[in-house]
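Spelled out from the first residue to the last, the chains are:
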Amino acid sequence: MTPKNFSFVFEDAIPAVSQYITILARHNELDTARLGITVPKKKVKNATDRNQIKRIVRESFRLQRHQLPNVDIIVIAKHGIGKMDNKALAEQLDKLWRKMSKRCEKATT
């Protein structure tokens with residue numbers, strides 16, 4: 001996703017929030033969901049940790065993509081996400097995908 005796409009989502013986002021992750025979504029005109037990820041250096045200092053978080057988010061998105069509505073999604077890491085283990089992060093993302101999907105369905109009705 002480009003910065004223009006990020007701005008599009010931020011203008012009128014549907015949020016799904018947990019302690020360590022915020023997911024923002026907005027319906028798009030495409031036939032598929034798209035993903036953008038931000039893991040700020042202020043929140044996770046080590047580059048390898050930031051990349052590991054991004055890999056887990058991308059893999060979780062790939063597995064859930066067929067169940068998601070046509071939305072642009074931004075995943076934002078919060079302070080403390082680096083302390084989560086990989087399994088806990090994947091489980092948290094699964095819950096947030098479901099939460100976000102339900103909210104997007106309600107927004108269209």
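Up top is the structure these notes are about.
Residues numbered from 1 in each chain as written. Predicted model: local features only at pLDDT ≥ 70, side-chain atom pairs only at ≥ 80, totals over all residues. Heavy atoms only, no water.

Chemist: Would you mind going over the overall build of the protein with me for this structure?
Modeler: Counting its regular elements, the protein contains three helices and four strands. Along the protein, helices and strands appear, N-terminal first, in the series α-β-β-β-α-β-α. For 109 residues, the compact-globule estimate of 2.2 N^0.38 gives 13 Å, and the protein sits close to it at 13 Å. Each of the three principal axes of the protein carries a C-alpha extent, and together these read 40 × 25 × 20 Å. Residue burial in the protein is summarised as follows: out of 109 residues, 39% are buried. A fraction of 78% describes how many contacts in the protein between residues 6 or more apart in sequence connect residues 24 or more apart. For the protein, the accessible surface area stands at approximately 6700 Å², while carbon and sulfur atoms represent 50% of it. Of note, the protein has its 22 positive side-chain charges centred 7 Å away from the centre of its 11 negative side-chain charges. (Helix = DSSP H or I, 4+ residues; strand = E, 2+ residues; numbered from the N terminus. Rg over C-alpha atoms; globule rule 2.2 N^0.38 Å. Buried < 20%, exposed > 50% of the residue type's maximum accessible area, 1.4 Å probe, protein only. Contact = heavy atoms within 4.5 Å. Areas by Shrake-Rupley, 256 points an atom, 1.4 Å probe, with all protein chains shown as cover. Lys, Arg positive; Asp, Glu negative; His and termini not counted. Charge placed at Lys NZ, Arg CZ, Asp CG, Glu CD.)

Chemist: Would you mind showing me how to read the environment of Asp12 here?
Modeler: You can see Asp12 is positioned in the loop between helix H1 (3-11) and strand S1 (14-17). It is 8.4 Å that separates the C-alpha atoms of Asp12 and Ala25, two residues lying 13 residues apart in sequence. Every residue in contact with Asp12, bar those within four places of it in the chain, is listed here: Ala25 and Arg26.

In short, the description is geometric, and any link to function would need to be established separately.
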